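Fold and contact review
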Amino acid sequence: MEKAFDRQKVLLQHLLPSSSSSFSSPLSASICLAGDSAAYERSSSFGDDIVIVAAYRTALCKSKRGSFKDTYADDLLAPVLKAVVEKTNVNPAEVGDIVVGTVLAPGSQRATECRMAAFYAGFPWTVNRQCSSGLQAVADVAAAIRAGFYDIGIGAGVESMSSNAMAFEGSVNPKAQDFQQAQNCLLPMGVTSENVAQRYGVTRQEQDQAAVDSHRKAAAATAAGKFRDEIIPVATKIVDPKTGEEKPITVAVDDGIRPSTTVSDLGKLKPVFKKDGSTTAGNSSQVSDGAGAVLLMKRSLAMQKGLPILGVFRHVISLMLKMSFAAVGVDPAVMGIGPAVAIPAAVKSAGLELDDIDLFEINEAFASQFVYCRKKLEIDPAKVNVNGGALAIGHPLGATGARCVATLLHEMKRPRQGLPLWNHINVHRHWDGGCSCS
Amino acid sequence: MPIFKTPFNGYSVKFSPFYENRLAVGTSQNFGILGNGKIHVLDLNPSGPIIEISAFDTADGVYDVTWSENNENLLVAAIADGSVKLYDLALPPTQNPIRSLHEHTREVHSVDWNPVRRDSFLSSSWDDSVKLWTIDRPISVRTFKEHAYCVYSAIWNPRHGDVFASASGDCTLRIWDVREPNSTMILPAHDFEILSCDWNKYDDCLLATASVDKSIKVWDVRSFRVPVTVLNGHSYAVRRVKFSPHRDSLIASCSYDMTVCLWDYKIEDALVGRYDHHTEFAVGVDMSVLVEGLFASTGWDELVYVWQHGTDPRAP
């Protein structure tokens, strides 16, 4: 046995050199208790296993006739959320994310209700990634590939704001009134924009200027053909509203960009959400239709298939371009300032400094939150949304995340030094208060 | 390309220098820590599975194998019990091994046949020494003992029949000339153990070293103070490194990170291929001299893979 122990020691030194501090693996030499014939099995020493520590449910009752027929969805969810943390003594602040499955309700509304339920259950902050659901899809696929569920996946987003109105179906749980943060979840987006402008001192002039810049950059990018690589033409039809006549068309350009927009034009628009406010149709994102898709796979597979590697989803060390993802929650009353918190967190987790980043893509839901984030992060405006953003190109809610990835990765292919990072608004709730641009 | 399942954990795989379809594989039970060993001689069959044409059992793990350069049936194995054993494929298993050379006091970790003189071979051992053997003598010709810790690999220079390099856990690479009393050059090549080394087949002054520090370094013995280049990309210790017999700048390596990597050390993005077909430590890798681009690898997942560069080793 002594010989076996010596051999283990020699081999272990290869994995865990004693004079090095860069190896933190908790391996140690020990004789296998199960003997030589032990099957290779995972045991308590494998700390990276994912384990389930609590699982509870509500009673299930007959629909429309049973005991829950008059119970709000958020009141069903809150007790089980509360139970899993209370019965395990886990601090709700330690929970990184809450993912809820649901089918029948309008997705955006149910997401809002679930967020409210988390507040009822005592979670201090929550993240609602409605407008970054396209990005969340990309992150989920990356995580699933890393977890070994599959080798190739597509993260995508789609929105037809023409087909689906932004409205709340049914009544709101009156309980929300007792929870300030839950109540804030129901604020129209435009009001949260006003809150941001007021709380952080973003002037009307700054917001209008940001909108003009966005349109100018997007128009320049379109004129230079920069979007040609990323836009897939769609053959469809358009109905003439007067004659009802159907015409086949092929769409290959963004149609919301107004190259001639000026600050003085925008200055004439009236605030929409508040009498003396600063958020107007001109400095809010546009209501749009569109879709985006991102194909992800293991690097080994991409190399094997000879595919170009446009970007790497965090972690990988080499010379590859990096993307990073972080979801950090903020107060729902000031929507859209998530990037100011999430970007430093993402950059840090990728082992970089903010100065290392050459390209930022921050979603422009409203000029107020966009200007605030840019100022708060103290980043060079020349590095942010170089081809314009949602203010000019449009904001098809669920599709924007995937659209941003496409825009950023194609921009990253153009000559530039350093490592780009992409982030996106991670905090959103619902969109009753969207603005339209005429 | 075909896959062969071995009963024990793979330690070494070598293409025959005589037959383009023949391989020898050294394996050890229980990851080479305790138990028996087995040598498999395999033939690739273009239209079917790999065929095992011979197998030899050993009383301890087989850490390395090398083919004779002057007799296509002769095979040498490095055994963990400290012995070096010679096998003749022309004789039945009962008459093998034809010789068992027991001088090393600890595990023998590498064997390498002299490609120039073709009558001698080297063994390196965890007893910190390297031994020179010839086929006609029952005892070693010489013992080279300067290293202060395990010698993991001793490899002949492809041009000079008297020159070899040795890589050791004492963090040095040493160059030897068997006509000289001491090593002719000592390179403190890494800050951590060096597990493998190999000579460039086109420039006899160039060497590669592979280390526990996860890197591979390329050295020029004419200016040995700084490496020619450092290849980073493995995420754990690099177990074996090998220069291509066909392309001067191509290097293959395998690692505890379970991957086999291909490098072109002359270009900026040196990592030109990465194969993650093994599901345990990748320990043995070889490139065929007779068929350009044909690779073989083995590992602790008890599998031997043979594949053409650019194809998926797992593809049936």
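Residues numbered from 1 in each chain as written. Chains lettered and ligands numbered in written order. Predicted model: local features only at pLDDT ≥ 70, side-chain atom pairs only at ≥ 80, totals over all residues. Heavy atoms only, no water.

Quick look at the overall build of chain B
Helix and strand counts for chain B come out as zero helices and 28 strands. Expressed as a percentage of the 316 residues in chain B, the buried residues total 62%. At a minimum sequence separation of 6, the contacts of chain B that also span at least 24 residues come to 45%. Carbon and sulfur atoms provide 51% of the accessible area of chain B, an area that totals close to 11300 Å². (Helix = DSSP H or I, 4+ residues; strand = E, 2+ residues; numbered from the N terminus. Buried < 20%, exposed > 50% of the residue type's maximum accessible area, 1.4 Å probe, protein only. Contact = heavy atoms within 4.5 Å. Areas by Shrake-Rupley, 256 points an atom, 1.4 Å probe, with all protein chains shown as cover.)

A short note on helix α3 (residues 107–120) of chain A
Residues and elements named next belong to chain A. Under the 1.5 Å per step criterion, the end-to-end length of α3 is 20 Å for 14 residues, consistent within 8% with the ideal 20 Å. Burial analysis of α3 places eleven of its 14 residues in the buried class, the great majority of the element. Every buried residue of α3 is accounted for by Ser108, Gln109, Thr112, Glu113, Cys114, Arg115, Met116, Ala117, Ala118, Phe119 and Tyr120. Close packing links the buried residues of α3 with α2 (73–86) and α5 (180–184). Glycine 122 occupies a position one or two residues after α3 and carries a positive phi of about 95°. (Expected span 1.5 Å × (residues − 1).)

Considerations on the packing of α2(A) against α3(A)
All names here are of chain A. With their axes 8 Å apart at the nearest point, α2 and α3 run at an angle of 45° to one another. With respect to α3, the axis of α2 lies oblique. The element α2 and its partner α3 pack so that their crossing is right-handed. Listed contacts from α3 to Ala73, Asp74, Asp75, Leu77, Ala78 and Leu81 of α2 are Arg110, Glu113, Cys114, Met116, Ala117, Ala118 and Tyr120. Tallied by class, residues from the contact of α2 with α3 come to nine nonpolar, no polar and four charged. (Axes fitted to C-alpha atoms, helices over the stretch in contact; angles between N-to-C directions. Parallel < 35°, antiparallel > 145°, perpendicular 65-115°, else oblique. Left-handed = near helix turned anticlockwise from the far one by under 90°. Nonpolar A, V, L, I, M, F, W, Y, C, P; charged D, E, K, R; others polar.)

Some details on the sheet that holds strand β22 (residues 238–243) of chain B
Residues and elements named next belong to chain B. Reading across the sheet, the four strands line up as β22-β23-β24-β25 and stay open at both edges, with antiparallel pairing between neighbours. Of all the strands in the sheet, just β22 and β25 (271–275) have a single pairing partner and so form its edges. Between one strand axis and the next, the sheet turns by 20° as a mean value, whatever way the strands run. Relative to strand β24 (residues 260–264), strand β23 (residues 250–255) runs antiparallel, the two being bridged by five bridges. (Pairing = 2+ DSSP bridges.)

Side note on the environment of A:Asn387
Residue and element names in this part refer to chain A. Here asparagine 387 lies in the loop between α11 (367–377) and α12 (390–393). The sequence separation of asparagine 387 and alanine 221 amounts to 166 residues, and the corresponding C-alpha distance is 5.5 Å. Ignoring anything within four residues of it in the chain, the contact list for asparagine 387 reads Lys217, Ala218, Ala221, Lys226, Phe227, Ile393, Thr407, Glu411 and Arg414.

Some thoughts on the interface of chain B and chain A
Facing 35 residues of chain B, the contacting portion of chain A comprises 21 residues. Interface of chain B and chain A: buried area, both sides summed, is about 2300 Å²; carbon and sulfur atoms make up 62% of it. Considering only the surface of chain B that becomes buried against chain A, B:Ile33, B:Leu34 and B:Phe192 emerge as the three largest contributors, covering 23% of it. Counting across the interface, chain B meets chain A through three salt bridges. Two residues, A:Arg7 and B:Asp60, come together in a salt bridge whose shortest N-O distance is 2.7 Å. In this structure, the connection of chain B to chain A is made through ten residue pairs in polar contact (both at pLDDT 80 or more). At four residues, the largest contribution of residues to the side of chain B that touches chain A is made by β25(B). (Buried area = accessible area lost by both parts, 1.4 Å probe. Salt bridge = Lys/Arg side-chain N within 4 Å of Asp/Glu carboxyl O. Polar contact = N/O pair within 3.5 Å; in protein donor to acceptor, adjacent residues only side chain to side chain.)

Quick look at the sheet that holds strand β21 (residues 229–231) of chain B
Residue and element names in this part refer to chain B. Taken in spatial order, the four strands make up an open sheet running β18-β19-β20-β21, and their pairing is antiparallel. Each of the sheet's edge strands pairs with one partner strand only, and the pair in question is β18 (194–199) and β21. The mean inter-strand angle of the sheet, taken between neighbouring strand axes irrespective of direction, is 20°. Alignment of β18 against strand β19 (residues 206–211), held across five bridges, turns out to be antiparallel. Directly across from serine 196, in β19, lies its bridge partner alanine 210.

Examining the confidence of the model for chain A
Residues and elements named next belong to chain A. When the pLDDT values of chain A are averaged, the result is 75; 79% of them are 70 or greater. Helix α7 (residues 204–223) holds the highest mean pLDDT among the elements of chain A, 92, whereas strand β6 (residues 322–323) holds the lowest, 32. Within the model, the stretch residues 31–45 combines pLDDT values under 50 with twelve contacts to residues more than four positions away or in other chains. Low pLDDT, under 50, characterises residues 315–327; the stretch is placed with 46 contacts to residues that sit more than four places away or in other chains. (pLDDT = per-residue confidence, 0-100.)

Points about unusual backbone geometry
A cis amide bond links B:Asn96 with the next residue in sequence, B:Pro97, at an omega value of -5°. By the secondary structure assignment, B:Pro97 is in the loop between β8 (83–88) and β9 (99–102). The phi angle at A:Asn89 is positive, at roughly 60°, despite the residue not being glycine. Inspection of the secondary structure puts A:Asn89 in the loop between α2 and α3. Owing to a relative accessible area of 72%, A:Asn89 belongs among the exposed residues under this scheme. Non-glycine residue A:Glu378 carries a positive phi angle of around 55°. Assignment of secondary structure puts A:Glu378 in the loop between α11 and α12. On the accessibility criterion, A:Glu378 (70% relative accessible area) is exposed.

Quick notes on the nonpolar core
As a rule of thumb, nonpolar side chains are buried together in soluble globular proteins. The biggest cluster of nonpolar side chains holds 24 residues, and the ones touching the most others in it are A:Ile343, A:Phe360, A:Ile362, A:Phe370, A:Tyr372, A:Ile379 and A:Val384. Among the elements of the structure, α7, α10 (338–349) and α11 of chain A are those that each provide at least two residues to this core. The greatest single-element share of this core, amounting to six residues, is contributed by α11(A). The residues touching A:Val384, leaving out its near neighbours within four places in the chain, are A:Lys217, A:Phe360, A:Ile362, A:Phe370, A:Arg374 and A:Ile379. Within the second largest apolar cluster, 19 residues are counted, among which are A:Leu15, B:Tyr63, B:Leu195 and B:Ala237. (Core = buried A, V, L, I, M, F, W, Y, C linked by side-chain atoms within 4.5 Å.)

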